[in-house]
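Here's the letter readout for the chains.
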Amino acid sequence: MLKTKEIVFKLYANCIPVRGAKRSVVCDLQRGDYYLIPNILFEILTDYKESTVDYLADIYGSQHKIDIQAYFDTLQSEGYGFYTDSPENFPDIDMKWQKSSLITNAIVDFNGGIFHNMKDIISQLDEFNCKALQLRFYNLISLNKLSNLLTHLKDSRLTSVSLVLRHDNNQTKDDYIDLKNQHQRITDILIHSCETSSLIFKKDELAVEGIAVIKRTITDHEHCGAISPKYFRINLPMFSESQKHNTCLHRKISIDSKGDIRNCPSMPESFGNIRDTKLREAIRQKSFKKYWDITKDKITVCSDCEFRHICTDCRAYGREENDIYSKPLKCGYDPYSLQWDRKKPNTIKPR
Amino acid sequence: MRPNFHHYNTEMILILSQNGLEPTTNEVIDWLDYFNANYIRINGDDILQNARYSIGMENMIIRLEGVDIHIDEINAVWFRRWTSTNFSEYLDFEGDSRLKQGINEYLKTEYQGASRAFFSLLQNKFWLTDVRKSRMEKYNVLKLASSCGLYVPDTLICNNKDAIKNFSALHNGKIITKPISEVTLFPIDNSSFVPYTTQIEVGEINYERFHPLQIQEAIEKQYEIRAFFILGNIYSMAIFSQDDEKTKQDFRCYNTEFPNRHVPYKLPREIEQNITSLMGLIGLNCGSIDLIKATDDRYIFLEINPVGQFGMTSHPCNYNLEKEVAELLIHEDKR
Ligand code: SF4
Ligand code: SF4
């Protein structure tokens, strides 16, 4: 006899529930947002995945049937899931993370004095098939000089470049926009030290161009490592990488303002100086990859946090000195009380 | 197997592609680099503009940026695309526009002849997508698909209103029209135009006779399916677009605010077997297949695209097809 097929609710495979201590989120990896849900719904969506509402009513009590149905209807109308009679046709996304780049992203810091040979650095990064580069300038650099430096990108395999620049009072809004348009690979620019500049009033016009303006002066690498929902990265590459790897330091390489090669400029360990060490040699050293596979699941507090697969990690600034598994210092979130504590990041001391 | 002495390089993957936006090709190349494979990429446009080459009766040498490629070195060929060159812009001179057009047509035919000669020298190599099978006659493919047990939309090619009227009556007035041939974008200024699937109302047709067009029964869909076939393996993805009026007819009308959902899909075994026999019948070892899951639960075959950008299936489903293609080419190259 033909069995009539039952209708069940299913989340789209790219809307993935993650459980926290007190609540859960559905991470929408396609639209890049998240949706808070109670832990009971997490349980329904995972432990009792693909169950009919009737079956769930048996489990949770028939008085909850309406609520369960309402949960599903809301998720459906918000676009996170659908009803189907053939859930077996909709497999989960395989979370294996695979990239053809031995190094996927790099940071190079500049602070006057030493001026790195970008041509050489870029060609070394090309050997890794590195795709993303961040250049951070704590001191002034003329846009002319910067533009010259960026011409080395032209034939490189890098696909995106992000800039942190100190504002030069001689530069106007259009100068920055021109710079960005001239170099196709620039994805975003952060301009700091705008305290006394009128540039700050053009904030909104610049924001649409992917250029952010802040009053504060960024003096060195210690500004890095802030954690906030606005830095969440909600997408499949990030989510899948977070399953087995660290979401900041995995396949990252950096050159600090003195030329020292590090996993990130804020890390204590140096693996030689760019003047006499090849990047290739640096990453071959045993402890270079020390932090690469520290997942959020291994980190205190983060392991209980519902945001752990969309939140970039920070291992340079931790809560506890000498504990490489401690929670990022500059995160004010407490997954047990669900509160964000917005203490100024610069009042807290690095590891 | 790679010989353990170094004398002459006998492993080479040849990638036939075109200039311009080829993200899928670039990603496969990244993986070939990762695995240290030997490959060479030739764009049809290069053959026209940059490379020096000679095709004799026995051998062929292509010199590209100072590197000679000998035919015997190549074991595996990956055919992506060949040329994006617009011939009418290629030859430009002052003079009669009809003459210009005629000469351009002639040059184009000659170029295609030269390309075919080049391909035929490679005919004994392993091809991922045989170039000779890459030109699809859509109507014929529908007939073949049907013979392999797949449902296909009822289809009519006609040039007159009466025929459409009768056909429409058969399908309760629910009919659409879509291009018979391969869809080509035509760029005008900064935008490009692409003919896409549209619904038609018989009552709105003002002419008795017109240019030939293709009519199909409209199929109410639950979702669309794109299946990537590669050497017997099938990787499918469902595209939910039905609940959005804007994208109801064709998902190429992108809607960015509420994007269509792209999720992994597993076709029933029987459908996968039908697809496999169809690909065998056509002689294709790789390609993207478009299907619809109809509201009546049937799987309806629409078409095959032999050289599609499979990134659009690979990325959202995390299938890593670019890596798989690279590994497969390396494997075939070393045989
Ligand atoms: S580990 Fe922390 S300081 Fe280092 S790059 Fe990552 S976020 Fe910044
Ligand atoms: S607790 Fe951990 S995972 Fe949660 S937001 Fe803070 S740093 Fe991110």
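My aim in this report is to walk through the structure given alongside it, one point at a time. The written sequence of each chain sets the order in which its residues are numbered from 1. For this description, chains carry letters from A and ligands carry numbers from 1, given in the order in which they are written. The model is predicted, so local features are restricted to residues of pLDDT at least 70 and side-chain atom pairs to those at 80 or more, both for listing and for counting; the totals for chains, interfaces and linings are taken over all residues. Water and hydrogen atoms were dropped before computing side-chain values, which therefore reflect all heavy atoms in the structure.

Observations concerning the packing of aromatic side chains
So, step 1. Note on ring pairs: Phe, Tyr and Trp rings are taken, using the six-membered ring of Trp, and paired if centres are within 6.5 Å. Classes follow the plane angle, with under 30 degrees stacked, over 60 edge-to-face and the rest tilted. For the coordinates displayed, the defined rule picks out 33 aromatic pairs over all chains.
So, step 2. Where F82 of chain A meets F240 of chain B, the ring centres are 4.7 Å apart and the plane angle is 50°; that geometry is what we call tilted. Of the two residues, F82 of chain A is situated in strand β5 (residues 81-84) and F240 of chain B in strand β15 (residues 233-240); the pairing between them involves two chains.
So, step 3. Taken together, a centroid distance of 5.1 Å and an interplanar angle of 65° make the contact between W82 of chain B and F119 of chain B edge-to-face. Per the convention used, a helix needs a DSSP run of H or I reaching at least four residues, while a strand needs a run of E reaching at least two, with both numbered from the N terminus.

Looking at the nonpolar core
So, step 1. As used here, the term nonpolar core means buried Ala, Val, Leu, Ile, Met, Phe, Trp, Tyr and Cys residues forming a set that is joined through side-chain atoms within 4.5 Å. Any residue under 20% of the maximum accessible area for its type is buried, any over 50% is exposed, and the rest in between are partly exposed; the area is computed with a 1.4 Å probe on protein chains only. Counting 65 residues, the largest nonpolar core has F72 of chain A together with L267, I275, I289, L291, F301 and I304 of chain B as the members making the most contacts within it.
So, step 2. The residues touching L267 of chain B, leaving out its near neighbours within four places in the chain, are I225, A227, I234, S236, E272, I275, L291 and Y299 of chain B.
So, step 3. Core analysis: the next-biggest nonpolar cluster, separate from the first, contains 45 residues, L179, I186, I261 and W292 of chain A among them. By the convention used here, residues are in contact when the closest approach between their heavy atoms is within 4.5 Å.

Here we look at the packing of helix α1 (residues 23-34) of chain B against helix α9 (residues 321-334) of chain B
Residues and elements named next belong to chain B.
So, step 1. Note on definitions: angles span 0 to 180 degrees between N-to-C directions of axes, and those axes are lines fitted to C-alpha atoms, for helices only across the stretch in contact. Viewed as axis vectors pointing N to C, α1 and α9 meet at an angle of 55°, and their least axial separation amounts to 8 Å. In terms of their interaxial angle, α1 and α9 are classed as oblique. α9 is crossed by α1, and the crossing has right-handed handedness. Here α1 contributes E27, V28, W31 and L32 to the contact with α9, which in turn contributes E322, K323, V325, A326, L329 and I330.
So, step 2. Among the residues making up the contact of α1 with α9, the classes are represented as 7 nonpolar, no polar and 3 charged. Orientation categories follow fixed angle ranges, with anything under 35 degrees roughly parallel, anything over 145 roughly antiparallel, 65 to 115 roughly perpendicular, and all other angles oblique. Rotating anticlockwise by less than a right angle from the far helix to the near helix defines a left-handed crossing, while the corresponding clockwise rotation defines a right-handed one. Residue polarity follows a fixed list, in which Ala, Val, Leu, Ile, Met, Phe, Trp, Tyr, Cys and Pro are nonpolar, Asp, Glu, Lys and Arg are charged, and the others, Gly among them, are polar.

Looking at the pattern of salt bridges
All names here are of chain A.
So, step 1. Salt bridge, as applied in this entry: a Lys or Arg side-chain nitrogen positioned within 4 Å of an Asp or Glu carboxyl oxygen. Taken as a whole, this structure holds 29 salt bridges over all chains when the rule is applied.
So, step 2. R31 is paired through a salt bridge with D28; the nearest N and O atoms lie 2.8 Å apart.
So, step 3. Of the charged contacts in the structure, one is a salt bridge between D313 and K296, with a shortest N-O distance of 2.9 Å. Residue D313 is found in the loop between α9 (279-284) and β13 (333-334), and its partner K296 is found in the loop between α9 and β13; the two are separated by 17 residues along the sequence.
So, step 4. The class for D313 is buried, based on a relative accessible area of 4%.

Describing the site of ligand 2
So, step 1. Definition of nearness: a residue and a molecule or strand are near each other if at least one heavy atom of the residue lies within 4 Å of the molecule or strand. Close contacts around ligand 2 come from I227, K296, C302, C305, R308, C311, K327, P328 and C331 of chain A, and that covers them all.
So, step 2. For the shell around ligand 2, a count of residues per class yields 6 nonpolar, no polar and 3 charged.

Details of the site of ligand 1
So, step 1. Around ligand 1 sit C224, G225, C248, L249, C264, S266, D313, C314, R315, A316 and Y317 of chain A, and that is every residue in its neighbourhood.
So, step 2. A class-by-class count of the residues in the shell around ligand 1 yields 7 nonpolar, 2 polar and 2 charged.

Quick look at the sheet that holds strand β2 (residues 39-43) of chain B
Strand pairing in a sheet takes place through backbone hydrogen bonds and is either antiparallel or parallel in direction.
Residue and element names in this part refer to chain B.
So, step 1. DSSP-based pairing: two strands are paired if at least 2 bridges between them are found. Read across the sheet, 4 strands follow the order β2-β1-β6-β7 without closing on themselves; strand pairing throughout is parallel. With one partner strand each, in any of the chains shown, β2 and β7 (126-128) form the two edges of the open sheet. With direction set aside, neighbouring strand axes in the sheet form an average angle of 20°.
So, step 2. When strand β1 (residues 12-17) meets strand β6 (residues 74-79), the two strands line up parallel, connected through 5 bridges. The partner of I15 across the bridge, within β6, is W78.

Observations concerning unusual backbone geometry
So, step 1. For N129 of chain A, which is not a glycine, the phi torsion comes out positive at approximately 60°.
So, step 2. One can find N129 of chain A in the loop between α4 (118-127) and β7 (132-137).
So, step 3. Here N320 of chain B, not a glycine, exhibits a phi torsion of approximately 55°, which is positive.
So, step 4. Along the polypeptide, N320 of chain B turns up in the loop between α8 (311-317) and α9.

Looking at helix α5 (residues 138-147) of chain B
Residue and element names in this part refer to chain B.
So, step 1. Of the positions making up α5, those classed as buried are K138, V141, L142 and A145. Projection of α5 onto a plane perpendicular to its axis shows the buried side chains occupying an angular sector of 105°, all on one side. Turned more than 90 degrees from where α5 packs its buried face, K143 and S147 sit exposed.
So, step 2. Buried residues along α5 sit in contact with β8 (155-160), β13 (209-217), α7 (269-282) and β18 (299-305).
So, step 3. Once α5 finishes, G149 follows within two positions and takes phi at roughly 95°, a positive value. It is the directions from the helix axis to the C-beta atoms that the arc portrays.

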